[in-house]
Amino acid sequence: MTSPAPQQDTFRTLLRSQKVWDTELPAFDAARDPALAPAEPLPLFHAWFAEAVAAGQPEPHTMQLATVAEDGGPDVRTLMLHDADGRGWHFATHASSTKGRQLAARPEAALHFYWAAQGRQIRVRGRVTTAPHAESLADLHARSTGALAAALVGRQSETLPAYEELERSSAAAWERARAEPDADAPTWTLYVLDPVEAEFFQGDAQRRHVRLRYRKSGDGWVKELLWP
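Rules behind the numbers
Residues numbered from 1 in each chain as written. Predicted model: local features only at pLDDT ≥ 70, side-chain atom pairs only at ≥ 80, totals over all residues. Heavy atoms only, no water. Helix = DSSP H or I, 4+ residues; strand = E, 2+ residues; numbered from the N terminus. Buried < 20%, exposed > 50% of the residue type's maximum accessible area, 1.4 Å probe, protein only. Arc of directions from axis to C-beta. Contact = heavy atoms within 4.5 Å. Polar contact = N/O pair within 3.5 Å; in protein donor to acceptor, adjacent residues only side chain to side chain.

Engineer: Which parts of the structure should I look at to understand the environment of Phe91?
Structural biologist: Following the sequence through the fold, Phe91 ends up in strand β4 (residues 88–94). Overall, the relative accessible area of 0% leaves Phe91 in the buried class. Along the sequence, Phe91 and Thr129 sit 38 residues apart, while their C-alpha atoms lie 11 Å from each other.

Engineer: It is not clear to me how helix α3 (residues 98–105) should be interpreted in this structure. Could you clarify?
Structural biologist: Since there are 3.6 residues in each turn of an α-helix, residues three or four apart along the chain are aligned in direction. Of the residues making up α3, those classed as buried are Lys99, Gly100, Gln102 and Leu103. Take α3 and look down its axis: the buried residues cluster within an arc of 165 degrees, on one side only. Of the residues in α3, the exposed ones pointing more than 90 degrees away from the buried face are Ala104 and Ala105. Where α3 is buried, its residues meet β1 (62–68), β2 (74–80), β4, β5 (108–115), β6 (120–130) and β7 (188–202).

Engineer: Please explain the side chain of Ser136 as it appears in this structure.
Structural biologist: On the secondary structure map, Ser136 appears in helix α4 (residues 133–141). Residue class for Ser136 comes out buried when judged on its relative accessible area of 1%. A distance of 2.8 Å separates a polar atom in the side chain of Ser136 from the backbone nitrogen of Leu190. If sequence neighbours within four positions are ignored, Ser136 has contacts with Ala131, Trp188, Thr189 and Leu190.

Engineer: When you look at unusual backbone geometry in this model, what are you seeing that I'm missing?
Structural biologist: Most of the time, phi is negative for any residue but glycine, and the peptide bond is trans. At Glu59, a residue that is not glycine, the phi angle is positive and equals roughly 45 degrees. Considering the arrangement of structural elements, one finds Glu59 in the loop between α2 (41–54) and β1. Its relative accessible area of 52% is what places Glu59 among the exposed residues.

Read these as spatial facts, not as claims about activity.
Pasting the structure below:
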């Protein structure tokens, strides 16, 4: 058997020396009785999000979005949550981007939040719909000038021949975003994931992790614990 390269040994040593949840983890009352959790997932998500912010979790509004690729395989990337309300979990991208095309072909997705400050994860899965363009623009215009400039650049996921082209396009987009704060970005689209399943994971130092799953059933939700 060939011995691993020195850099591989260095990597493995570094990898295995990393600590997991080197902090005091909160309890989750639902571990003893799921009935103690809210009847539906949204209020619990709002509460956990506020607690993540209070715990100093960096960028708690970032999440992973998983979609189905053109070849039927999985695809995933990190982006920002724009809202979470009675309609579902909101995010935005260009309809012409890779994920936009994937969602057009198969409008189903999964979201994943990881908040290491408290050893918590949240997974949400469901069907995705698009908001009207006026709502998409209102959401974009409520964000920063930089967000508008990035949307105006467009061409997301296309091949970039040279970085200088991005620099030129970005400079022009920033100039327009400052001059026209209500500028239109035709392909910018707000998406809403309507959940059929949501799981709340609370890590435990003894590896007795708590997993509470919500499953949509008719007009309500079924709550159940899962083995870690």
